Protein chains: 2
Amino acid sequence: MTGSLTIAGLGPGADRMVTPDVTAALAEATDVVGYIPYVARIAPRAGLTLHPSDNRVELDRARAALQMAAAGKRVVVVSSGDPGVFAMASAVFEALEGRADWQALDIRVLPGITAMLAAAAAAGAPLGHDFCCINLSDNLKPWEVIETRLRHAARADFAMAFYNPRSASRPEGFGRALAALREECGEGRLITFARAVSTPDQCITTTTLGDATPEMADMRTVVILGNSATRRVGHWVYSPRSGR
Amino acid sequence: MTGSLTIAGLGPGADRMVTPDVTAALAEATDVVGYIPYVARIAPRAGLTLHPSDNRVELDRARAALQMAAAGKRVVVVSSGDPGVFAMASAVFEALEGRADWQALDIRVLPGITAMLAAAAAAGAPLGHDFCCINLSDNLKPWEVIETRLRHAARADFAMAFYNPRSASRPEGFGRALAALREECGEGRLITFARAVSTPDQCITTTTLGDATPEMADMRTVVILGNSATRRVGHWVYSPRSGR
């Protein structure tokens with residue numbers, strides 16, 4: 001048996017947003033590896049071993065998956081959303097460094113609907129013009145880098161999607177981000193909080209930067225800040241195609 | 001019969017990347033509206049009317065779709081990729097301005113796999129750290145806005161995804177973009193050209209900014225520029241999770 005490693009995106013939560021590509025890979029897998037709540041989305045079946053693991057062990061998890069693939073297993077590493085956006089794909093490629101044996105494996109990345117796209121769709125089209133996507137978790141980078149990036153993004157007049165706005169370990173970061181953004185963009189800028197998108201708990205709230213508070217976000221929330229032209233129409237929010 | 005308007009993303013090209021949500025909406029549609037090559041992806045069937053239209057008539061197309069939904073049809077507006085990323089969702093919301101009757105319609109946006117995510121997956125994980133997404137077509141915005149945005153994005157050390165790098169009407173824009181990026185990021189920065197992603201014509205090429213030429217891109221290409229830490233491993237390219 002020839003082993004393989006597939007890094008697959010499960011989308012934001014609803015099975016109706018999982019691509020047929022990902023469904024097919026899961027149907028052929030011998031082993032599924034991932035963070036506990038994502039592996040919990042996979043139905044158990046004969047011939048499939050589930051390997052749920054805790055958060056913040058991405059590199060260990062990637063190495064374990066590669067080891068199994070090298071041993072001949074058909075391994076699927078699952079991420080929520082898209083595996084290439086703040087998820088497992090980078091960790092797997094990092095684990096390939098210096099390992100020519102693992103680099104020769106059959107490795108594939110299968111994209112998924114990342115949270116910001118599902119959030120934008122639920123809110124309207126706030127990412128309809130140039131935008132950026134920033135991970136506000138400062139586990140992996142210093143706050144100064146995040147703040148510089150936010151200020152450049154504001155001066156470029158990007159709409160912005162924020163992942164991991166409030167980590168349990170450093171909840172103050174998002175308040176600092178909001179303060180910097182108010183300085184750059186003003187109080188009136190529209191901001192959308194999209195919680196648990198595509199699940200039964202989905203909640204979409206649009207307000208202004210002046211009225212936004214850090215408590216509006218938790219770890220299940222994606223936050224989308226509009227650009228200078230983002231506006232409301234009916235109960236929707238959208239960014240005009242022209243950026244103006 | 002109650003009309004509805006669904007704005008659906010068909011993904012980058014392969015049917016295996018179309019979500020079940022979008023497939024279900026198409027199965028229930030009475031009318032499908034969109035740009036000619038996207039409508040060509042929909043199988044004809046009894047009870048379904050296809051309305052292909054030319055490019056650059058997005059607002060007219062949106063109004064025609066809303067008119068049909070108001071008349072009781074179940075209309076699906078199709079975009080390739082994700083409808084909220086440089087596609088039809090913004091045009092539909094723009095068409096709602098000042099039309100309280102249309103704003104009361106049953107409107108939904110169904111996300112899709114946008115080209116940059118499929119391109120990144122095919123290349124590795126070049127968008128694995130903070131990134132931005134820029135439409136290089138200057139049909140809707142002046143070149144000065146694009147260049148300012150590129151320079152801020154470079155100084156923020158974003159990875160960057162470029163849509164519509166070379167429009168037929170203004171092919172010189174991409175060369176100017178590459179020149180500005182070389183100034184900001186240096187000759188050694190990795191850049192990936194992903195053409196016709198997920199189709200039989202798929203071609204992925206990674207080179208450096210110093211070796212990149214405008215001719216490497218056409219209208220079917222998404223271009224991904226790495227950040228300062230983006231590197232190769234084996235035949236893959238990825239951005240480390242730490243950004244360093």
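Structure first, text after, so check above.
Residues numbered from 1 in each chain as written. Chains lettered and ligands numbered in written order. Predicted model: local features only at pLDDT ≥ 70, side-chain atom pairs only at ≥ 80, totals over all residues. Heavy atoms only, no water.

S.K.: Honestly, the relation of the copies chain B and chain A in this entry has me stumped. Any pointers?
M.R.: Each copy superposes on the other: chain B lies on chain A with an RMSD of 0.0 Å after a rotation of 180° and an axial shift of 0.0 Å. The superposition of one copy onto the other is thereby described by a two-fold rotation axis. If distances are taken from each C-alpha of chain B to the rotation axis, the shortest is found for Cys-132 of chain B, at 1.9 Å. Looking at the interface residues of chain B, 100% of them are also at the interface in chain A, so both copies use one shared face. (Least-squares fit on C-alpha atoms with pLDDT ≥ 70 in both. Contact = heavy atoms within 4.5 Å.)

S.K.: Where do I start with unusual backbone geometry in this structure?
M.R.: Most peptide bonds take the trans configuration, and most residues that are not glycine carry a negative phi. The phi dihedral of Asp-157 of chain A falls on the positive side, at around 60°, and the residue is not glycine. Position of Asp-157 of chain A relative to the elements: it lies in the loop between α7 (143-155) and β8 (159-163). Residue classification places Asp-157 of chain A among the buried residues on the basis of a relative accessible area of 17%. Residues other than glycine seldom take positive phi values, yet Asn-164 of chain B does so here, at roughly 50°. Within the fold, Asn-164 of chain B resides in the loop between β8 (159-163) and α8 (172-185). Judged by relative accessible area, Asn-164 of chain B falls into the partly exposed class, the value being 25%. (Helix = DSSP H or I, 4+ residues; strand = E, 2+ residues; numbered from the N terminus. Buried < 20%, exposed > 50% of the residue type's maximum accessible area, 1.4 Å probe, protein only.)

S.K.: What is the right way to look at empty space enclosed by the protein in this model?
M.R.: Summed over all chains, the structure comprises three cavities of 30 Å³ or more. Of the pockets and cavities examined, the largest cavity occupies roughly 40 Å³. Here the residues of the lining of the largest cavity sort into three nonpolar, four polar and three charged. (1 Å grid on protein atoms, 1.4 Å probe; cavity = no way out; pocket = protein on both sides within 12 Å on 5 of 7 lines; lining within 4 Å. Points joined across faces, edges and corners; volume = space filled by probe spheres on them. Nonpolar A, V, L, I, M, F, W, Y, C, P; charged D, E, K, R; others polar.)

S.K.: Where do I start with the nonpolar core in this structure?
M.R.: The tendency in soluble globular proteins is for nonpolar side chains to be buried side by side. Core analysis: the biggest nonpolar cluster contains 48 residues, and Leu-150, Met-160 and Phe-162 of chain A together with Leu-150, Met-160 and Phe-162 of chain B have the highest contact counts within it. The residues touching Met-160 of chain B, leaving out its near neighbours within four places in the chain, are Cys-132, Leu-150, Ala-153, Ala-154, Leu-181, Val-223, Ile-224 and Leu-225 of chain B. Among the nonpolar cores identified, the runner-up in size contains 39 residues, and Leu-117 and Val-222 of chain A together with Ala-120 and Tyr-163 of chain B belong to it. (Core = buried A, V, L, I, M, F, W, Y, C linked by side-chain atoms within 4.5 Å.)

S.K.: How do you make sense of the sheet that holds strand β4 (residues 74-79) of chain A when you look at a structure like this?
M.R.: Note on sheets: strands pair through backbone hydrogen bonds, and any given pair is parallel or antiparallel. Residue and element names in this part refer to chain A. The parallel open sheet is built from five strands, whose spatial order is β3-β2-β4-β1-β5. Every other strand in the sheet has two partners, leaving β3 (49-53) and β5 (106-110) as the edge strands with one partner each. Pairwise comparison of adjacent strand axes, ignoring direction, gives a mean angle of 15° for this sheet. Along the sheet face, helix α3 (residues 58-70) touches β1 (4-9), β2 (31-35), β3, β4 and β5 and points at about 175° away from the line of β2. Helix α4 (residues 88-96) contacts β1, β4 and β5 of the sheet and is inclined by roughly 155° relative to β1. (Pairing = 2+ DSSP bridges. Axes fitted to C-alpha atoms, helices over the stretch in contact; angles between N-to-C directions.)

S.K.: Even after reading the chapter, I still don't get the packing of aromatic side chains, so can you show me in this structure?
M.R.: Centre distance and the angle of the planes are the two values used to describe a pair of aromatic rings. The final tally for this structure, using the stated rule, is 11 aromatic pairs over all chains. Both rings, one in Phe-158 of chain A and one in Phe-158 of chain B, keep their centres 6.3 Å apart while their planes meet at 80°; by these two values the pair is edge-to-face. In this pair, Phe-158 of chain A is assigned in the loop between α7 and β8 and Phe-158 of chain B in the loop between α7 (143-155) and β8, connecting two distinct chains. There is no split in this pair, since Phe-158 of chain A and Phe-158 of chain B are both buried. Each residue in the set Phe-93 of chain A together with Trp-236 and Tyr-238 of chain B is aromatic and connected to the rest through ring pairs, giving one cluster. Sitting over the face of the ring of Trp-102 of chain A, Arg-99 of chain A holds its NZ or CZ atom 3.8 Å from the ring centroid. Above the ring of Phe-158 of chain B, the side-chain terminus of Arg-149 of chain A is found at 5.9 Å from the ring centroid. (Phe/Tyr/Trp six-rings, centres within 6.5 Å; stacked < 30°, edge-to-face > 60°. Lys NZ or Arg CZ within 6 Å of the ring centre and 35° of its normal.)

S.K.: Would you take a moment to explain the sheet that holds strand β11 (residues 221-225) of chain A for this structure?
M.R.: With mixed pairing, the 10 strands of this open sheet are ordered in space as β10(A)-β9(A)-β11(A)-β8(A)-β7(A)-β7(B)-β8(B)-β11(B)-β9(B)-β10(B). In this open sheet, the two strands that pair with only one neighbour each are β10 (203-208) of chain A together with β10 (203-208) of chain B. The sheet shows a mean angle of 15° between the axes of neighbouring strands, taken without regard to direction. The pairing of strand β9 (residues 190-195) of chain B with strand β11 (residues 221-225) of chain B spans five bridges and is antiparallel.

S.K.: Just to check I follow, could you spell out the pairing of β1 of chain A for this structure?
M.R.: Residues and elements named next belong to chain A. With respect to burial, β1 is a largely interior element, six of its six residues being buried. Here β1 shows no split at all, with Ser-4, Thr-6 and Ala-8 on one side and Leu-5, Ile-7 and Gly-9 on the other all buried. The pairing of β1 with β5 spans five bridges and is parallel. Following the sheet pairing, Leu-5 is matched in β5 by Ile-107. Examined bridge by bridge, β1 and β4 share six bridges and lie parallel to one another. Paired with Thr-6 across the bridge in β4 is Val-76.

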